Amino acid sequence: MITIKKKKAGRALKDAVEELSGVDLSVCYQCKKCSSGCAVAKMATTRPSEIMRLLHLGAGDELLSKDLVWMCVSCETCSARCPMGIDVVAVIDALRRLALERGAPKPEGNVPLFNRAFLKTVETFGRSYEIGMIAAYKLGTGKLMNDTEKFPTMLAKGKIALLPPRGADRQTVKRIFRKSRQSRGANA
Ligand code: SF4
Ligand code: SF4
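Residues numbered from 1 in each chain as written. Chains lettered and ligands numbered in written order. Predicted model: local features only at pLDDT ≥ 70, side-chain atom pairs only at ≥ 80, totals over all residues. Heavy atoms only, no water.

*Asks:* Where do I start with a nonpolar patch on the surface in this structure?
*Replies:* On the surface, Val27, Tyr29 and Met84 cluster together into a nonpolar patch covering about 270 Å² of accessible area. As for its position among the elements, Tyr29 is in the loop between helix H1 (12-21) and helix H2 (33-36). (Patch = residues over 30% accessible without salt bridge, like charges linked within 9 Å, V, L, I, M, F, W, Y side chains within 5 Å. Areas by Shrake-Rupley, 256 points an atom, 1.4 Å probe, with all protein chains shown as cover. Salt bridge = Lys/Arg side-chain N within 4 Å of Asp/Glu carboxyl O. Helix = DSSP H or I, 4+ residues; strand = E, 2+ residues; numbered from the N terminus.)

See below:
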């Protein structure tokens, strides 16, 4: 839980998020429809509507370490459900970007590791490649044998493919990643 102290309340994070996302946070009237459809809200400690409220109240950079910022799968259900047409997922994306730029502490657990594994496979193969991502994730956690009993069933049902995806424009995707790093001033 984040407690916003009066003297600490400010507009810095709110302004940065509004600028990056193009969202006017004051339009949210807390109906919570975004949270009721969120794919990961039950597993996260914060809900999208709470993020909206906390931002509006002037929460600081501690908000950048909330697990929802990293767990969000960009399904866009929150944006589709919002009766005010607020692009909630753009707000979450902006928070994730600011978290990286400002070096905010990552939440506990393996969510950031999962995120990195996913992005690395997209950068390498041009598209999502589940087995590559699972391998990178498991190497990172050191728990190589966890959940392996599900692997044959997923393979048999065609939920995951053995070979990397074909047809992706890998060079273009790599260029996008490179430009993104340059714009953030990152080295890796
Ligand atoms: S659905 Fe829209 S108006 Fe309702 S709480 Fe979420 S962001 Fe705010
Ligand atoms: S885009 Fe993210 S925050 Fe919005 S409903 Fe999906 S998982 Fe939840």
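Moving on from the model shown.
*Asks:* Sorry if this is basic, but what is going on with the site of ligand 2 here?
*Replies:* If you check the shell around ligand 2, you find Cys38, Ala39, Val40, Pro48, Cys72, Val73, Ser74, Cys75, Glu76, Thr77, Cys78 and Val89 and nothing else. Residues that form the shell around ligand 2 fall into these classes: 9 nonpolar, 2 polar and 1 charged. (Near = heavy atom within 4 Å. Nonpolar A, V, L, I, M, F, W, Y, C, P; charged D, E, K, R; others polar.)

*Asks:* What's the story with the site of ligand 1 in this structure? I'm lost.
*Replies:* Taken together, 13 residues sit near ligand 1, with Cys28, Cys31, Lys32, Cys34 and Cys82 positioned nearest. For the shell around ligand 1, a count of residues per class yields 9 nonpolar, 2 polar and 2 charged.

*Asks:* Help me understand the packing of H1 against helix H6 (residues 88-101), please; the structure alone is not making it clear to me.
*Replies:* Axes are the key here: two packed helices are described by the angle between their axes and the distance separating the axes. Where H1 contacts H6, the axes come no closer than 9 Å and their chain directions differ by 115°. As for the relative orientation of H1 and H6, their crossing is right-handed in sense. Mapping the contact onto sequence places Leu13, Ala16, Val17, Leu20 and Ser21 in H1 and Ala90, Val91, Ala94, Leu95, Arg97 and Leu98 in H6. (Axes fitted to C-alpha atoms, helices over the stretch in contact; angles between N-to-C directions. Left-handed = near helix turned anticlockwise from the far one by under 90°. Contact = heavy atoms within 4.5 Å.)

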